[in-house]
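If you want the building blocks of each chain, they are given just below.
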Number of protein chains: 2
Amino acid sequence: MPAQQPSLDAIFSALADPTRRAILAMLLEDDMAVTDVAAPFEMSLAAISKHLAVLAAAGLIRQERRGRIIWCKLEPDGLRNASVWMQGFGQFEPVDLDDFERFLRESLPLMDGDDAKP
Amino acid sequence: MPAQQPSLDAIFSALADPTRRAILAMLLEDDMAVTDVAAPFEMSLAAISKHLAVLAAAGLIRQERRGRIIWCKLEPDGLRNASVWMQGFGQFEPVDLDDFERFLRESLPLMDGDDAKP
DNA sequence: GCTTTGTTTAACTTGCCGGTTGAATATGGG
DNA sequence: CCCATATTCAACCGGCAAGTTAAACAAAGC
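Source: prediction; values computed, not measured.

Chemist: Looking at this model, I keep getting lost on the sheet that holds strand 3 (residues 69-74) of chain B. Mind explaining?
Modeler: Pairing between the strands of a sheet is mediated by backbone hydrogen bonds and can be parallel or antiparallel. All names here are of chain B. Taken together, the three strands give an open sheet; going across it, the order is 1-3-2, and neighbouring strands pair in antiparallel fashion. Each edge of the open sheet carries a strand with a single partner, namely strand 1 (32-33) and strand 2 (61-66). Across six bridges, the pairing between strand 2 and strand 3 is antiparallel. For Arg-65, the partnering residue across the bridge sits in strand 3 and is Ile-70. Running over the sheet, helix 2 (residues 18-29) touches strand 1, strand 2 and strand 3 and is turned about 95° from strand 3.

This is the structure:
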């Protein structure tokens, strides 16, 4: 099961969930064990485990067991197809990484939807 | 209702549906009336109408009535936020528009899932 | 070998999503 | 005014996705 080229369906629906995006953002900083990934969230560990499975199925992360803990690491290539697809629509100006930084800061605190605290 | 900044939730879940992506690809070539958008699909007009509503809510298209037909046009800016978000994960090489072209050709014919003909 | 720690599986509930059909609401044309 | 065209609304249905809890499985440690 080499996780053959995941579909845009899988990738975009994986990204559609704020919890999963938050997880990706966390993994961007460092590889993490499942339990540690789950820590900041208010939902059950099982739920997070499922989210991780979804991300893995979409090719966005990889989970590899070492000892009894399972390490989750980002798989940046997984996003490439989707990124290519999207950019075709916009001819966007080259992306400013600072924008991304800011974006993360804005979107990380609220991992439960879209209601921002004004 | 100025369609205030749509959320990543809305954008990504809009993109997660193959029918909706196909619609976007169609609109990339030209603005279209709702009926014409619906034509190539095998589902009801009402269903397509809903899909269009979802895309509009996500800020990916705009629908403006002129006479009795409603024109759907792409709103490329709508993708920018999502694109910025995604690229932060990859530092992707500059996107090749030919890649996009090929991608479209591959993904357009099958607007019902992921089974590609090998 | 038993217990603890880490993670997944199973069974179940709930709510949303994508589709249907049929009626309702414009708008334009004879 | 009446009819046809264009689009949405409303009510409904089936399925799946996301969450829960409790049990199972795996690996380490004593």
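Chemist: Would you explain the confidence of the model for chain A in this entry?
Modeler: One rule of thumb: low pLDDT means the predicted coordinates there are not for detailed reading. Within chain A, residue pLDDT values average 81, and 72% of them lie at 70 or more. In this model, residues 109-118 of chain A is a region of pLDDT below 50 whose contacts with residues beyond four sequence positions or in other chains number 11 contacts.

Chemist: Explanation requested: the protein's contact with DNA strand D in the structure shown.
Modeler: Near DNA strand D you find 20 residues, and of these Arg20(A), Lys50(A), His51(A), Thr35(B) and Ser49(B) are the closest. In DNA strand D, the atoms that sit within 4 Å of the protein are 68% sugar and phosphate, with bases accounting for the remainder. Between DNA strand D and Ser44(A) there is a distance of 2.8 Å, counted from a phosphate oxygen to a backbone nitrogen or oxygen. One nitrogen or oxygen atom from the side chain of Lys50(A) is found 2.6 Å from a base oxygen belonging to DNA strand D. Of all the elements in the fold, those that place two or more residues in the surface near DNA strand D are helix 4 (45-57) of chain A together with helix 3 (34-38), helix 4 (45-57) and strand 3 of chain B. Across the surface near DNA strand D, the residue classes tally to nine nonpolar, six polar and five charged.

Cut-offs and rules
- Residues numbered from 1 in each chain as written.
- Chains lettered and ligands numbered in written order.
- Predicted model: local features only at pLDDT ≥ 70, side-chain atom pairs only at ≥ 80, totals over all residues.
- Heavy atoms only, no water.
- Pairing = 2+ DSSP bridges.
- Helix = DSSP H or I, 4+ residues; strand = E, 2+ residues; numbered from the N terminus.
- Contact = heavy atoms within 4.5 Å.
- Axes fitted to C-alpha atoms, helices over the stretch in contact; angles between N-to-C directions.
- pLDDT = per-residue confidence, 0-100.
- Near = heavy atom within 4 Å.
- Polar contact = N/O pair within 3.5 Å; in protein donor to acceptor, adjacent residues only side chain to side chain.
- Nonpolar A, V, L, I, M, F, W, Y, C, P; charged D, E, K, R; others polar.

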